[in-house]
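Coordinates in review
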Amino acid sequence: MIDKIKGHIEKVKAFSSETTEDIEKFRIEYLGKKGLLNDFFAEFKNVANDQKKEFGQVLNTLKNTAQDKVAELKASLENEAEATESLQDLTRPGQAIEIGSRHPVEIVKNRIINIFSNIGFNVSEGPEIEDDWHNFTALNLPEYHPARDMQDTFFIQTNPDVLLRTHTSSVQVRYMENNEPPIRTISPGRVYRNEAISARSHCFFHQVEGLYVDKGVSFADLKKTLQYFTTELFGKSKIRLRPSYFPFTEPSAEIDVYWGLETETDYKITKGTGWLEIGGCGMVDPNVLTNCGIDAEIYSGFAFGVGIDRIAMLLHQIQDIRMLSENDIRFLEQFKASF
Ligand code: PHE
């Protein structure tokens with residue numbers, strides 16, 4: 001008897017059907033009032049005492065297996081019905097496809113990369129955790145140089161030789177160490193400074209720094225390159241180079257773009273002057289070239305650096321730099337149409 005029931009368990013397991021009628025027939029055969037299960041249960045009293053336990057267990061298994069089988073087959077039938085039904089109704093509205101969007105910093109970064117790759121610059125990258133040499137010393141900023149205070153630095157507490165890079169000039173050092181001139185490269189990336197966080201500044205932001213080293217590179221080349229850049233990016237070709245100081249360039253300048261004074265916003269972002277500062281630049285100090293293994297007697301170069309976040313804020317009318325790192329989906333979704 002027990003073997004017979006076990007045989008049924010296997011049969012139930014193997015059973016499959018795709019029509020409601022067959023499933024119902026199957027259900028009645030096993031689980032119906034006059035079904036096999038009830039027949040077997042009726043036999044219970046005739047089973048020898050020492051076999052009652054096993055008989056009961058096997059019978060229960062058969063019951064559960066049959067119930068599960070019926071439920072499973074019915075469910076898959078229903079799913080199928082639903083699927084065909086929705087396919088048949090061609091008037092149903094389509095399902096909206098969610099389009100992702102790029103981050104505004106990424107959008108501006110890509111634009112800048114495009115602009116410079118059109119005139120032969122490649123892209124170089126380096127580590128965000130730097131050593132003192134690449135971030136400072138090689139850039140003509142020896143230990144105890146007061147200009148180190150220009151950029152408040154995050155140091156790794158236990159090791160002052162390890163820090164979060166304060167600019168991507170460190171990437172340019174690495175590039176010069178590993179490549180021969182002519183060098184034309186831009187280095188986009190995230191940088192860190194130990195500054196109070198506000199609507200205008202953050203303790204991390206993004207830069208693109210550019211470097212051109214070759215024979216006979218002049219300040220005029222720098223000026224023309226920057227002018228090309230601002231024309232492509234903003235549609236504004238009037239620039240001004242204001243004398244400034246950076247340890248790694250000589251002479252050095254701040255880059256201003258003439259933004260105009262047509263709207264109220266123009267007044268606001270240029271503080272009423274019409275001029276907008278977008279970054280720093282200069283001729284690479286010969287000491288820096290020498291530190292990086294390039295012969296400063298033969299080669300000269302220019303370098304510049306611009307902040308991506310500020311430019312993104314300007315181009316997309318973003319009021320608060322913190323929006324750029326808060327990951328608020330309502331903010332990020334607004335850039336769907338931009339690339
Ligand atoms: N590294 C400078 C900064 O982060 C910018 C800069 C780059 C200035 C290259 C001059 C030349 O402030």
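Residues numbered from 1 in each chain as written. Predicted model: local features only at pLDDT ≥ 70, side-chain atom pairs only at ≥ 80, totals over all residues. Heavy atoms only, no water.

**Description of the site of the ligand**
For the record, the criterion: Think of it this way: one heavy atom of a residue within 4 Å of a molecule or strand is enough to make that residue near it. Under the rule applied, a polar contact is a pair of N or O atoms within 3.5 Å (in protein, one hydrogen donor and one hydrogen acceptor; residues adjacent in sequence only if both atoms are side-chain atoms). Surface accessibility in these figures is a Shrake-Rupley result with a 1.4 Å probe; residues are shielded only by whichever protein chains are displayed.
Within the structure, the ligand sits among 14 residues, and His167, Ser169, Arg193, Gln207 and Glu209 are positioned closest to it. Within the side chain of His167, one N or O atom sits 3.1 Å away from a nitrogen atom of the ligand. At 3.1 Å from a nitrogen atom of the ligand is found a side-chain nitrogen or oxygen belonging to Ser169. Notes on the ligand: free accessible area 320 Å², of which the protein chains cover 93%.

**Side note on the confidence of the model for the chain**
Low-confidence regions, as indicated by low pLDDT, have predicted coordinates that should not be scrutinised in detail. Let me state the cut-off plainly: Summary of the metric used: pLDDT quantifies the predictor's per-residue confidence within the range 0 to 100. Counting from the N terminus, the helices are DSSP H or I runs at least four residues long and the strands are E runs at least two residues long.
Put simply, the chain has an average pLDDT of 90, and 99% of its residues get 70 or more. Per-element averaging of pLDDT across the chain places helix α9 (residues 264-269) at the bottom with 81 and strand β1 (residues 122-123) at the top with 98.

**Some remarks on empty space enclosed by the protein**
Stated precisely, the cut-off is as follows: In the cavity and pocket records, a cavity denotes points on a 1 Å grid over the protein atoms alone where a 1.4 Å probe fits but cannot get out, a pocket denotes an open set with protein on both sides within 12 Å along at least 5 of 7 lines, and lining residues are residues with an atom within 4 Å of a point. Grid points are joined across faces, edges and corners, and a volume is the space filled by probe spheres set on the points. The classification used treats Ala, Val, Leu, Ile, Met, Phe, Trp, Tyr, Cys and Pro as nonpolar, Asp, Glu, Lys and Arg as charged, and all other residues, Gly among them, as polar.
The final tally for this structure, using the stated rule, is 1 cavity of 30 Å³ or more. Estimates place the volume of the largest cavity at around 50 Å³. Together, Leu139, Gln172, Met176, Leu211, Phe248, Val284, Val288 and Ala303 line the largest cavity. Residues that form the lining of the largest cavity fall into these classes: 7 nonpolar, 1 polar and no charged.

**Some thoughts on the packing of helix α5 (residues 104-117) against helix α8 (residues 219-234)**
The packing of two helices is summarised by the inter-axis angle and the distance between the axes. The condition that has to hold: Note on geometry: axes are lines fitted to C-alpha atoms, helical ones only across the stretch in contact, with angles between N-to-C directions running from 0 to 180 degrees. Oblique is the label for every angle not falling under 35 degrees (roughly parallel), over 145 degrees (roughly antiparallel), or within 65 to 115 degrees (roughly perpendicular). Handedness of a helix crossing follows the sense of rotation of the near helix relative to the far helix, less than a right angle counterclockwise being left-handed and clockwise being right-handed. Contacts were defined at the residue level, with two residues in contact if any of their heavy atoms lie within 4.5 Å.
Across the interface, α5 lies against α8 with an axial gap of 10 Å and an inter-helix angle of 130 degrees. Here α5 is positioned oblique relative to α8, judged by the angle of their axes. Two packed elements cross with a definite hand, and for α5 against α8 that hand is right-handed. Residues Arg111, Ile112, Ile115 and Phe116 of α5 form the contact with α8, whose own contacting residues are Thr225, Tyr228, Phe229, Glu232 and Leu233.

**Some details on unusual backbone geometry**
Pro181 connects to Pro182 through a cis peptide bond whose omega is 5 degrees. For Pro182, the position within the fold is in the loop between α7 (169-178) and β5 (183-192). Put simply, Glu250 and Pro251 share a cis peptide bond, and its omega is 0 degrees. For Gln317, which is not glycine, the phi torsion reads 55 degrees and is therefore positive. Secondary-structure assignment places Gln317 in the loop between α11 (308-315) and α12 (329-332).

**A closer look at the sheet that holds strand β4 (residues 159-164)**
Quick reminder of the rule: Here a strand pair is declared whenever DSSP counts at least two bridges between the two strands.
Taken in spatial order, the 3 strands of this open sheet run β2-β4-β3, and their pairing is antiparallel. Strands at the two margins of the open sheet, each flanked by one partner only, are β2 (129-131) and β3 (155-156). When β3 meets β4, the two strands line up antiparallel, connected through 2 bridges. Bridge pairing in β4 places Ile156 opposite Asn159.

**Here we look at the packing of aromatic side chains**
Formally: Aromatic rings from Phe, Tyr and Trp, taking only the six-membered ring of Trp, are treated as a pair when their centres fall within 6.5 Å; an angle between ring planes under 30 degrees marks them as stacked, one over 60 as edge-to-face, and anything in between as tilted. Two conditions define a charge located above a ring, namely a distance within 6 Å from the ring centre to NZ of Lys or CZ of Arg, and an angle within 35 degrees of the ring normal.
Throughout the structure, instances matching the rule amount to 12 aromatic pairs. Put simply, the rings of Phe116, Phe121, Tyr212, Phe229, Phe302 and Phe304 pair up and form one aromatic cluster. Taking the ring centre of Trp259 as reference, the NZ or CZ of Lys236 above it sits at 4.7 Å. In this structure, Arg240 is placed above the aromatic ring of Trp275, and the distance from its NZ or CZ to the ring centre is 4.3 Å.

**A short note on the pattern of salt bridges**
For clarity, the threshold we go by: Any Lys or Arg side-chain nitrogen found within 4 Å of a carboxyl oxygen on Asp or Glu counts as a salt bridge. Burial classification: accessible surface area is computed with a 1.4 Å probe over protein chains only, and a residue below 20% of its type maximum counts as buried, one above 50% as exposed, and the rest as partly exposed.
As enumerated under the stated definition, the model contains 10 salt bridges in all. In this structure, Glu106 engages Lys109 in a salt bridge whose closest nitrogen and oxygen atoms are separated by 3.6 Å. Here Lys109 and Glu106 lie together in helix α5, a separation of 3 residues that amounts to about one turn. Look at Glu106 and you get partly exposed, because its relative accessible area is 30%. For Lys109, a relative accessible area of 17% corresponds to the buried category. Across the pair Glu277 and Arg242 runs a salt bridge, and its minimum N-O distance is 3.4 Å.

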